[in-house]
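The residues making up each chain are set out below.
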Amino acid sequence: MTKIRILDYPDPKLKRVGKKVDVVNEEVKKIIADMFETHYGTENCAALAATQLDFAEPLAITVIDFSENKDDPLCLINPEIIESDGEQFEYEGCMSVYPDHLHERVKRAERVVVSALNEQGERIELSAEGFMAKCLQHEIDHLNGLTYLDRLSPLKRQRLLDKLYKIKKK
Ligand code: ZN
């Protein structure tokens, strides 16, 4: 397995959209294994999307595990939100946006239903709420070329970017 480099904002590659997976073959499974290797090899990582990693052509895949013992892996391929309701406004950070320094509250749906393929290539539907729902929305945004900064009001985003450039100068 290979650890893949996590892209740092404002790398333009973060705007790439994940390519839909047609068949979950050995090549795709190797990519998923590398993504989990990267996830578990990165401190305080809850989830990663392929589009925030330095792949030549990232696929629409996310790996998620925020369990305490890192023993509850979830891989979603071509995930799509098919239902959402409610609202939450919780702090988010991102492994690509100076996670040790920057966090901001983001408006998200409280509950979502996601349709995806699992690692076996089977169609699944996943209902989630709270933290997991937030996490799914954050990762699916990545796969569409968005970071949580794109979800902030212009004022809040600017404040965060000012902070970011100060950190980068150091
Ligand atoms: Zn992120």
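Above this text you will find the structure in question.
Since the structure is predicted, the reported quantities are computational estimates derived from the model, not experimental observations. (Residues numbered from 1 in each chain as written. Predicted model: local features only at pLDDT ≥ 70, side-chain atom pairs only at ≥ 80, totals over all residues. Heavy atoms only, no water.)

(A) Fine view of the packing of aromatic side chains. Under the counting rule described, the total for this entry stands at two aromatic pairs. Ring geometry for Phe 36 and Tyr 40: centres 5.8 Å apart, planes at 15 degrees, overall stacked. Here Phe 36 and its partner Tyr 40 are both found in helix α1 (residues 26–40), four residues apart, which amounts to about one turn of the helix. Here Tyr 40 falls in the partly exposed class, since its relative accessible area comes to 34%. (Phe/Tyr/Trp six-rings, centres within 6.5 Å; stacked < 30°, edge-to-face > 60°. Helix = DSSP H or I, 4+ residues; strand = E, 2+ residues; numbered from the N terminus. Buried < 20%, exposed > 50% of the residue type's maximum accessible area, 1.4 Å probe, protein only.)

(B) Representation of the sheet that holds strand β6 (residues 111–117). With antiparallel pairing, the five strands of this open sheet are ordered in space as β1-β2-β3-β6-β7. Strands at the two margins of the open sheet, each flanked by one partner only, are β1 (47–49) and β7 (123–129). Strand-to-strand twist in this sheet, taken as the mean axis angle between neighbours without regard to direction, amounts to 40 degrees. Contacts from α1 reach β1, β2 (61–64) and β3 (74–85), with the element oriented near 40 degrees to β2. (Pairing = 2+ DSSP bridges. Axes fitted to C-alpha atoms, helices over the stretch in contact; angles between N-to-C directions. Contact = heavy atoms within 4.5 Å.)

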